[in-house]
Amino acid sequence: MFDNLSEKLDKAFHILKGHGKITEINVAETLKEVRRALLDADVNFKIAKDFTARVRDKAIGQNVLTTLQPGQLLVKLVKDELVDLMGGDVAGVNLSGNPTVILMSGLQGSGKTTFSGKLANYLKTKKNKKPLLVACDIYRPAAINQLHVVGKSIDVEVYSEIENKNPVEIAQNAIKYAKANGFNLVIVDTAGRLAVDEEMMDEIARVHQAIQPHETLFVVDSMTGQDAVNTAKAFNDRLNFDGVVLTKLDGDTRGGAALSIKSVVNKPIKFIGTGEKMDAIDAFYPSRMADRILG
Ligand code: GDP
């Protein structure tokens, strides 16, 4: 995960290690390399520039050069800033309501269906919830089948209406069904398109409006870098979602989405997906992620 970024940051800090006493020039050089590392990780230019400007200001403010271990202090300032960039504190999922209703949004292929299953399984085992998964993709029968396969693998019931072409009705009926049958968690998996389009946005906005979920999550493939950030913005403009799920972090992602999304939509990353299996889900801890990046 983020190996390239880790390596580049490590190299940037090497500049400091080579000197007995570091100078303002060494700090400037290091921060330039840090900025380059962020840009290489597909962080957008402004975010990367602001990042190093903040670290520089703090370094000046704390008189880094006159401290006993200026190199270490600078690394710490970079770490703190990385944590802030990724959201600061851990953000939990809102489990109020009976049933708690969680709506999944995102593009096709982002990992929504897989994540719906992972989350159902996670909340079933960790929070003792009784989940119902809801298939609201009315366009692709394969997507409905896929959710049934997922549900079966984790022993969670799946609600679907093959003949109904109205996702708002399906979602509403599913919630009624959940109430009548003792489910205290409803996870609604919605249809996604390959790119953001108005029709899809209208549809999910209608479902959102009708069921008033306690939690709306936006699922995004972390391999898509800057595109992930643009898609997040489009969905957030329409849904004002509560949190982000970054999938496929087990792949060779550069890190741009993880590092940029919070500053662009001001919503926390709540979960990460780290594989295709149902247990490949983790809560997102900005501080742990920063530690990992800095090695
Ligand atoms: P949807 O169209 O948004 O519902 O996406 P799917 O859940 O069908 O996922 C698309 C593909 O990505 C599938 O082949 C999944 O197995 C795969 N996938 C989903 N999440 C992850 C993940 O965290 N890591 C990896 N490696 N693959 C994932």
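To keep things clear, this report deals only with the structure shown in the data block. (Residues numbered from 1 in each chain as written. Predicted model: local features only at pLDDT ≥ 70, side-chain atom pairs only at ≥ 80, totals over all residues. Heavy atoms only, no water.)

### Considerations on the overall build of the chain
Looking only at helices and strands, one finds eleven helices and eight strands in the chain. The principal-axis extents of the C-alpha atoms in the chain amount to approximately 70 × 40 × 30 Å. Counting across all 295 residues of the chain, residues that qualify as buried make up 53%. Contacts in the chain between residues at least 24 apart in sequence constitute 75% of all its contacts with a sequence separation of at least 6. For the chain, the computed accessible surface area is about 13,700 Å², with 49% contributed by carbon and sulfur atoms. Where the 38 positive side-chain charges of the chain centre and where its 37 negative ones centre are 3 Å apart. (Helix = DSSP H or I, 4+ residues; strand = E, 2+ residues; numbered from the N terminus. Buried < 20%, exposed > 50% of the residue type's maximum accessible area, 1.4 Å probe, protein only. Contact = heavy atoms within 4.5 Å. Areas by Shrake-Rupley, 256 points an atom, 1.4 Å probe, with all protein chains shown as cover. Lys, Arg positive; Asp, Glu negative; His and termini not counted. Charge placed at Lys NZ, Arg CZ, Asp CG, Glu CD.)

### Things to note about the nonpolar core
A general trend in soluble globular proteins is that nonpolar side chains are found buried together. In this structure, Leu5, Val134, Leu259 and Ile293 are the most contacted members of the largest nonpolar core, which totals 73 residues. By residue number, the principal contributor to this core is helix 4 (residues 70-85), which donates seven residues. Leaving out residues up to four positions away in the same chain, Ile293 has contacts with Phe2, Leu5, Ser6, Leu9, Leu82, Met86 and Leu259. (Core = buried A, V, L, I, M, F, W, Y, C linked by side-chain atoms within 4.5 Å.)

### Some details on the environment of Asp252
Note on placement: Asp252 falls in the loop between strand 6 (243-247) and helix 10 (256-265). For Asp252, a relative accessible area of 69% corresponds to the exposed category.

### Some details on the site of the ligand
Neighbouring the ligand are 16 residues; Gly109, Thr113, Thr114, Asp250 and Glu276 lie closest to it. At a separation of 3.2 Å, an oxygen atom of the ligand approaches a polar backbone atom of Ser110. At 2.6 Å from an oxygen atom of the ligand is found a side-chain nitrogen or oxygen belonging to Glu276. Protein burial of the ligand: of its 570 Å² of free accessible surface, 80% is covered by the chains. Here the shell around the ligand is built from residues that sort into one nonpolar, ten polar and five charged. (Near = heavy atom within 4 Å. Polar contact = N/O pair within 3.5 Å; in protein donor to acceptor, adjacent residues only side chain to side chain. Nonpolar A, V, L, I, M, F, W, Y, C, P; charged D, E, K, R; others polar.)

### Some details on helix 2 (residues 24-40)
In an α-helix there are 3.6 residues to a turn, and that puts residues three or four apart on one side. If you check helix 2, its first and last C-alpha atoms are 24 Å apart, about what 17 residues at 1.5 Å a residue would give, namely 24 Å. Among all positions of helix 2, only Asn26, Val27, Thr30, Leu31, Val34, Ala37 and Leu38 are buried. The buried side chains of helix 2 occupy one side of the element, clustering within an arc of 130° when seen end-on. Elements in contact with the buried residues of helix 2: helix 1 (3-17), helix 3 (45-61), helix 4 and helix 10. Backbone geometry just downstream of helix 2 places Asp42 in the positive-phi region, at approximately 75°. (Expected span 1.5 Å × (residues − 1). Arc of directions from axis to C-beta.)

### Some remarks on the packing of helix 9 (residues 225-239) against helix 10
Following both chains from N to C, one finds helix 9 and helix 10 inclined at 30°, their axes separated by 9 Å at the closest point. Taken together, the axis directions place helix 9 and helix 10 in an arrangement best described as roughly parallel. The handedness of the crossing between helix 9 and helix 10 is right-handed. Here helix 9 contributes Gly225, Gln226, Ala228, Val229, Ala232, Lys233 and Asn236 to the contact with helix 10, which in turn contributes Ala257, Ser260, Ile261, Val264 and Val265. Partitioning the contact of helix 9 with helix 10 into residue classes produces seven nonpolar, four polar and one charged. (Axes fitted to C-alpha atoms, helices over the stretch in contact; angles between N-to-C directions. Parallel < 35°, antiparallel > 145°, perpendicular 65-115°, else oblique. Left-handed = near helix turned anticlockwise from the far one by under 90°.)

### As for the pairing of strand 2 (residues 131-136)
Most of strand 2 is tucked away, with six of its six residues classed as buried. A two-sided burial pattern is seen for strand 2, the buried positions comprising Pro131, Leu133 and Ala135 on one face and Leu132, Val134 and Cys136 on the other. For strand 2 and strand 4 (residues 185-190), the ladder comprises six bridges, and the chain directions are parallel. Across the sheet, the residue bridging to Leu132 is Val186, located in strand 4. (Pairing = 2+ DSSP bridges.)

Purely spatial values, then, with no claim about function.
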